[in-house]
Structures are given as structure tokens and as C-alpha cells.
Amino acid sequence: MSGTSGFETIWWQSGTVYQVYPRSFQDTDGDGVGDLPGITARLDYLAWLGVDAVWISPFYRSPMADFGYDVADYCDVDPLFGTLADFDALIAEAHRRKLKVILDFVPNHSSIEHPWFAESRASRESPKRDWYIWRDAAPDGGLPNNWLSNFGGPAWTRDEATGQYYYHAFLPEQPDLNWRNPDVRAAMHDVLRFWLERGVDGFRVDVIWHLIKDEGFRDNPENADFEAHQAGINRFQQVYSCDRPEVLDVIAGMRAVLRAYGERVLIGEIYLPIERLVAYYGPGLTGADLPFNFQLIQTPWRADAVAALVEEYEAALPQGGWPNWVLGNHDQPRIAARIGEAQARIAAMLLLTLRGTPTLYYGDEIGLGRVPVPPERAQDPWGRNEPGHGRDPARTPMQWEDAPHAGFSTGTPWLPQSADAARRNVDEMRDDSRSILTLYRRLLALRRDHPALSVGDYRGMQLPPDLAGDVLAFERIAEGETLRILLNFGSAERNLALEDGSAWTVLLSTHAGRSGETAQRNICLEPDEGFILGALSV
Ligand code: NOJ
């Protein structure tokens, strides 16, 4: 059994996070792109849904080469999204509803248009030269090393002005900052303080495992398992361009800034296997509070594979390290697109019953799938560089009601919406007891009402081999309460013996109309059905 029962939990442990991609949540000025006043206007919805915190993807000043992940001013709002006053109103209104606000901090790279980069590139003698990563050509006149951009092509671009190359892990418009330079650290700590002073409750730190690169800029080794269909970057193992040990020091520095402001949260975006991921809690938990755990996105959708994953993750967590789970985000195919609508309900129940902080991605609660984006409307620069990698289908505007553009905007939305938007929208689904939106809301309510779900211990249950491939079973246990979760990942009915003979009641099923049923010896899961069972008090 794994857990921490008995210890005091804090909001980012017991609560749930909801990610808003601001371009796609709610537009208030008719330009087809969402904005901060739009998010404020929808806070009542988030409170109604029952989440605790909203993480907002970047809204800073930006030329939008990577839709805001290329920041030209870390301390201002891009006019496309509104003003600082709009942000202040948003945070005040969120706090009034007891919702926390988490910002997306993008410290690995700035925009090529950031004044720091303009100064840095101006001359080799510039006082800010060392704020970015400049290298000479290799002795043979080639690129400084073999590092590749995550968005295709080399990670080095030659700058005519000074004849050196600068490093960019993403687009050439996103030069990497040099976090080995103490002035960069100090400037970035000031950015954190700027937003903390405005009341933000934490940060999700973009590509946190990239912040420090190998001091000697050694070539990355070839990847023996590379398959041609993979993105170009996978040709090499990214062992020197990221995940360097010194990065933990940088993270501890950021976290220390946050701690001066009380219980704020530091979430790190990290795509690494479990054994490396958990290192980001840092020595003595001085690292990220929540190193994002993307394993559910990467694991085959089978009950036995997920059971093994949960065991492995729980066992790998350091003492006191708090777990977390994610089903999707703005960089990944949507969960309903990956596993289908019926299983998306199982995924919702899994996400909200596992031990650890769940992060929901906007639109998953209405079961949005892969929204087709015709080539002439494609937006994502990655998809343009490397066809097949476009992230647009998972970033389409939220669907609120049966109205033009589903109530998202009075203008033409920057990306299309789903063909079934007249039905698949919040307004149509909120009072429908069978909708996935109702399921999400009930799950969130149960999680609030039952400490066993939010902070209880986790105990995996062994099932007979004929069931284990399809059914995932576990318990969540808090003082005085044990809940049992049964999830059918398969499309056949499954009968389960309830072993100990105690009586259970269905607190919630993924299927409408079964709550309140009771069971003693056996229980029958319909195809694609999940249960949260509570002990029946007699
Ligand atoms: C990760 C972000 O989530 C993604 O959207 C972005 O393109 C890259 N980092 C670069 O900032």
C-alpha cells in the first residue's frame, strides 16, 4: 500500500487543476482568439464544474511564432489577450470563487524579439552576450554539434551579425537562455516575483528539464531504436542537450523564490521515463512540487499495463513526494481521440480516483476528440515543419452552446470546431445525466466529499489472470473509509467476485442509472464501465 495518510495536505495536493489554452477558451472581442476577459467570464463554469485551480497557458507579449511559448516580455500581457488590468481582474475574480491561478512560466527560451536577445546578438562583446548560448562553427565549418531542434532541423542558427551560432531547442524564433549565467537566474527570479506579487498561486514551468545543457556541448549519441516514422529529434538520445544534473540546482532556486510567498506550487513539464522523472522532486524535496507525470499518455491503454504503471510510479516516488496524473494537454492528441469516447469515461474515472493531483485539459470534460483541421487552416509551426506532428486538432476552441461558433466567439475562430458542436457543448450536456460532462462533475464532487479519493492511500488489487487484462481494480483508503474502484478497459461484460463478502454500494458508475445499486458476492461491470464502490453501512 502506498500513501501518506495521517499527514496534513495542502491545496495543490488535495485539489484538481484545469488547464486553459487561452487562445481557445472564450473570445470576448470577436477576433476569433480567446482572451483573459473570456477566462474571467467563464470562472463560474469552472467553479460549477468543481475544479480547484486553473493553469493558464502563456498570455505574455509575444510575436506568437509558437503561440505564446516565445515570450518577448515576461511581465506584460499580449494585447491579443488583454491587459495587465484584465489579468488583475481575472485573479481577483478567481480568488473570490476560491479558485487558484497557476501561470505558465517559459524560462528555457525567450522570443527572438525579446530585448535581451536583441542586446545579446548585437556584438560578441555585448554585456548580455552570455545570456544566450552562442558557439563558433565546428573546426570543419559545420554546426557546433549534432543537437537537433524539437520542431525539426538543426538546433543551431547562424547569426550573420557576429558569425556565431545560437542554440534553440525549439524554433529559431525561440533562442535558449543560458541558465548557467547568474544574471539570467536573477532576472528570471524577478519575473517570478512580479507575478507572485500580483497574487498567482504557482507556476507550470515549460520544459524544465531542458534548462541546463552539457557544459562541453558533447554530441548526443545515436538512438539505436530510432524508427523512421518518429520525429527527427529521436534520431539521437537527448542526454547532453537536456536532463543534466545541475538543473536540480536551478529548480531549487526557483522553488526557494516561491516559498517566500507561502504555499505556492511549482509544477515542472518533464517528458522523461519514471526513474528520471522522480529525480525532479529534488534532493530532500527541494525540486518541483509536482514533476508532471505524463505516463498515462505514453502507456498502452490496457488494464494490466496501467496497473503495472501505477505500481511502478508509486514505488519510485521519493519519501514525501506527491504524485500527479495527466491525460492530455495542448501538445498531445486528446484522450477521446486516442482511446475512443466510451473509454474516455473510464479515463476520467481513473484520473480522478488515482492517488495524486489530477490535471484536466479543457474540452476533455465534453469529450472533445480530434477535430479535423484542413491544411489551409493549419496553424502549428511544428506541423508545418514536420507533417503529422501538428498539434492543432487538440487545441480547437471550447464549445459552450448551440450558437454560432458554439458561443466561443462572434468572429471566425482561429481553428475550426467539431462537426457535432451543436450537441457537444456545455449548455447541452450540463443537465444530461448521461453526458461525460455530468460524469466529470460527479467525479469532482465525489473527490471533494471523500478524503479517501483526494488524499487517501492507494492499494492495488490482484485479479485472476483472465480478468487482469481488461479490469483495473484498486482501493483508496483514508481513516474510516475504504473505496474500491473497478474499471473495465474492455468491450465485454465482466463479472467479478467481491472476495471478502462484504457489501458494497455503487457510489458512481460511468454509466448513467447504476448509482445506488448494491452488491455483495459478485458485481457485473458492463462493457466500458467503471465503478466507485463504497462500503454499504447496515
Ligand atoms: C512545451 C510547450 O507545452 C509547447 O507547447 C511548446 O511548443 C514547447 N514547450 C516550447 O516552449
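Residues numbered from 1 in each chain as written. Predicted model: local features only at pLDDT ≥ 70, side-chain atom pairs only at ≥ 80, totals over all residues. Heavy atoms only, no water.

### Some points on helix H12 (residues 341-351)
Quick reminder of the rule: In this scheme, a residue with accessible area under 20% of its type's maximum is buried, one over 50% is exposed, and one in between is partly exposed, where area comes from a 1.4 Å probe on protein chains only. The numbering of helices and of strands both runs from the N terminus, where a helix is a DSSP run of H or I of at least 4 residues and a strand a run of E of at least 2.
Along H12, nine of the 11 residues are buried, which leaves the element largely enclosed by surrounding structure. Of the positions making up H12, those classed as buried are Gln343, Ala344, Arg345, Ile346, Ala347, Ala348, Met349, Leu350 and Leu351.

### Focus on the sheet that holds strand E8 (residues 164-167)
Spelled out, the test is: Strands were regarded as paired on the criterion that DSSP finds at least two bridges between them.
With respect to topology, three strands assemble into an open sheet ordered E6-E8-E7, the strand pairing being antiparallel. Among the strands making up the open sheet, the edge pair consists of strand E6 (134-135) and strand E7 (156-159).

### A look at the sheet that holds strand E9 (residues 202-205)
Read across the sheet, eight strands follow the order E11-E10-E9-E5-E2-E1-E13-E12 without closing on themselves; strand pairing throughout is parallel. The open sheet has two free edges, formed respectively by strand E11 (290-291) and strand E12 (324-326), since each of these has just one partner strand. Sheet analysis places E12 next to strand E13 (residues 357-361), joined by three bridges and oriented parallel. Counterpart to tryptophan 325 in the pairing with E13 is proline 358.

### Some points on the site of the ligand
For clarity, the cut-off: Near, as used in this document, describes a residue that has one of its heavy atoms within 4 Å of the molecule or strand being considered. A 3.5 Å cut-off defines polar contacts: any pair of N or O atoms within that distance qualifies, except that in protein one atom must be a possible hydrogen donor and the other a possible acceptor, and neighbouring residues in sequence count only when both atoms are side-chain atoms. In these tables, accessible area is a Shrake-Rupley quantity obtained with a 1.4 Å probe, and a residue counts as shielded only by the protein chains included in the view. Charged means Asp, Glu, Lys or Arg here, nonpolar means Ala, Val, Leu, Ile, Met, Phe, Trp, Tyr, Cys or Pro, and polar covers whatever is left, Gly included.
Around the ligand, a shell composed of 14 residues is seen, among which Asp66, His109, Asp206, His330 and Asp331 lie nearest. Arginine 204 places a side-chain nitrogen or oxygen 3.0 Å from an oxygen atom of the ligand. Note that an oxygen atom of the ligand is positioned 2.8 Å from one of the side-chain N or O atoms of histidine 330. Out of a free accessible area of 300 Å², the ligand has 97% covered by protein chains. A per-class count over the shell around the ligand returns four nonpolar, three polar and seven charged.

### Focus on the environment of arginine 459
Threshold: Contact criterion: two residues are considered in contact whenever any of their non-hydrogen atoms come within 4.5 Å of each other.
Its location among the elements puts arginine 459 in strand E14 (residues 457-460). For arginine 459, a relative accessible area of 34% puts it in the partly exposed group. Counting along the chain gives 15 residues from arginine 459 to phenylalanine 474, while the straight-line C-alpha distance between them is 5.6 Å. Apart from residues no more than four positions distant in its own chain, arginine 459 is found in contact with Met1, Phe474, Glu475 and Ile477.

### Topic: the pattern of salt bridges
Which entries qualify depends on this criterion: Take a side-chain nitrogen of Lys or Arg and a carboxyl oxygen of Asp or Glu: if they are within 4 Å of each other, that pair is a salt bridge.
A full pass over the atoms with the stated rule returns 39 salt bridges. Arginine 244 serves as the salt-bridge partner of aspartate 214, at 3.8 Å between the closest nitrogen and oxygen. Taken together, the positions of aspartate 214 in the loop between E9 and helix H7 (247-259) and arginine 244 in the loop between E9 and H7 put the pair 30 residues apart, joining distant regions of the chain. Summarising the burial analysis for this pair, aspartate 214 and arginine 244 share the class buried. A salt bridge links arginine 424 to aspartate 420; the shortest N-O distance between them is 3.0 Å.

### Considering the domain arrangement of the chain
Condition: These domain boundaries are the output of an automatic or database domain assignment. Buried area is understood as the total, over both parts, of accessible area removed when two parts are fitted together, assessed with a 1.4 Å probe.
When cut into domains, the chain gives domain 1 (11-108 + 182-443), domain 2 (115-167) and domain 3 (458-536). Each of domain 1 and domain 2 was reduced to a C-alpha centroid, and the two centroids are 29 Å apart. Listed by partner, the interface residues are 23 residues for domain 1 and 15 residues for domain 2. Roughly 1800 Å² of surface becomes buried between domain 1 and domain 2 when both sides are summed, with 67% attributable to carbon and sulfur atoms. Counting across the interface, domain 1 meets domain 2 through zero salt bridges. Scanning the region where domain 1 abuts domain 2 turns up five residue pairs in polar contact (both at pLDDT 80 or more).

### Looking at the packing of H12 against helix H15 (residues 436-449)
Note the following rule: Note on geometry: axes are lines fitted to C-alpha atoms, helical ones only across the stretch in contact, with angles between N-to-C directions running from 0 to 180 degrees. Under this scheme an angle from 65 to 115 degrees is roughly perpendicular, one under 35 degrees roughly parallel, and one over 145 degrees roughly antiparallel; angles in between are oblique. Each helix crossing is assigned a hand: it is left-handed if the near helix lies turned anticlockwise from the far helix by less than a right angle, otherwise right-handed if that turn is clockwise.
The interhelical angle for the contact between H12 and H15, taken along N-to-C directions, is 15 degrees, at an axis separation of 10 Å. Judged by the inter-axis angle, H12 sits roughly parallel to H15. Note on packing geometry: the crossing formed by H12 with H15 is right-handed. Counting all contacts with H12, which are made through Ala344, Arg345, Ala348, Met349 and Leu351, the residues of H15 involved are Ile436, Leu439, Tyr440, Leu443 and Arg447. Among the residues making up the contact of H12 with H15, the classes are represented as eight nonpolar, no polar and two charged.

### Comments concerning the packing of aromatic side chains
Our working rule: By convention, a stacked pair of Phe, Tyr or Trp rings (six-membered ring in the case of Trp) has centres within 6.5 Å and planes under 30 degrees apart, an edge-to-face pair has planes over 60 apart, and any other such pair is tilted. Counted as over-ring charges are cases with an Arg CZ or a Lys NZ within 6 Å of the ring centre that also lie within 35 degrees of the ring normal.
In the structure shown here, the tally under the stated rule is 35 aromatic pairs. With 5.1 Å between their ring centres and 85 degrees between their planes, phenylalanine 87 and tryptophan 195 make a pair best called edge-to-face. Taken together, the residues phenylalanine 87 in helix H4 (residues 84-96) and tryptophan 195 in helix H6 (residues 182-197) connect sequence positions 108 residues apart. You can call phenylalanine 87 buried: its relative accessible area is 0%. Among the residues examined, tryptophan 195 registers a relative accessible area of 1% and is labelled buried. Feature note: the residues Tyr18, Phe25, Tyr45, Trp48, Tyr361, Tyr362 and Trp400 constitute an aromatic cluster, connected by ring pairs. When the ring centre of tryptophan 414 is taken as origin, the NZ or CZ atom of arginine 23, which lies over that ring, is 4.3 Å away. Positioned over the ring face of tryptophan 134 is arginine 129, at 3.8 Å from the centre of the ring.

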